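Overview (structure and organization)
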Amino acid sequence: MYLSVQLSYYPLADDFKPVVKEVVKRLEATGLEVHPNRMSTQVFGEFDEVMAALSEVMKWSFETHGKAVFTANFLEGDRRPR
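The structure displayed is predicted, hence computed values, not measured ones.

Side note on the pattern of salt bridges
Following the criterion strictly, the structure yields three salt bridges and no others. Across the pair Glu-33 and Arg-80 runs a salt bridge, and its minimum N-O distance is 3.0 Å. Of this pair, Glu-33 sits in strand E2 (residues 33–36) while Arg-80 sits in the segment after strand E4 (68–76), placing them 47 residues apart in sequence. Overall, the relative accessible area of 26% leaves Arg-80 in the partly exposed class. When the shortest N-O distance is used, the salt bridge between Asp-78 and Arg-80 registers 2.6 Å. For Asp-78, a relative accessible area of 27% puts it in the partly exposed group.

Here we look at the sheet that holds strand E1 (residues 2–11)
Ordered by their spatial adjacency, four strands build an open sheet running E2-E3-E1-E4, and the pairing between neighbours is antiparallel. The open sheet has two free edges, formed respectively by E2 and E4, since each of these has just one partner strand. Strand-to-strand twist in this sheet, taken as the mean axis angle between neighbours without regard to direction, amounts to 20 degrees. By the bridge criterion, nine bridges tie E1 to E4 in an arrangement that is antiparallel. Looking at E4, one finds that Gln-6 is bridged to Asn-73. Sitting on the sheet, helix H1 (residues 17–28) is in contact with E1, E2 and strand E3 (41–46), with an inclination near 160 degrees to E1.

With respect to the UniProt feature "domain: Thiamine-binding protein" (unreviewed entry) in the chain
With numbering matched to this structure, UniProt assigns "domain: Thiamine-binding protein" (unreviewed entry) to residues 5–70. In this annotation, residues 5–70 is assigned 47% helix and 30% strand; the end-to-end C-alpha distance for the span is 12 Å.

What counts and how
Residues numbered from 1 in each chain as written. Predicted model: local features only at pLDDT ≥ 70, side-chain atom pairs only at ≥ 80, totals over all residues. Heavy atoms only, no water. Salt bridge = Lys/Arg side-chain N within 4 Å of Asp/Glu carboxyl O. Helix = DSSP H or I, 4+ residues; strand = E, 2+ residues; numbered from the N terminus. Buried < 20%, exposed > 50% of the residue type's maximum accessible area, 1.4 Å probe, protein only. Pairing = 2+ DSSP bridges. Axes fitted to C-alpha atoms, helices over the stretch in contact; angles between N-to-C directions. Contact = heavy atoms within 4.5 Å. UniProt positions renumbered as here; feature names shortened; annotations may be inferred.

Written out as structure tokens, the structure reads:
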């Protein structure tokens, strides 16, 4: 099953921009299709691969940078921009 995700990440730190960029870079390193923009990051791929990548990146973020807020919208199917 293909999954489309819109993910927003809000690290609870004063200097948040480098942390956000690092999370996006880690998502891109998974091999999934990742489209960052100013308000959120879109992630596309097979359900199990997307969920595993999100789990891994979220865990890394909490362990490395502490408290943060992740918000996500999950849509079944291919919603990639054309």
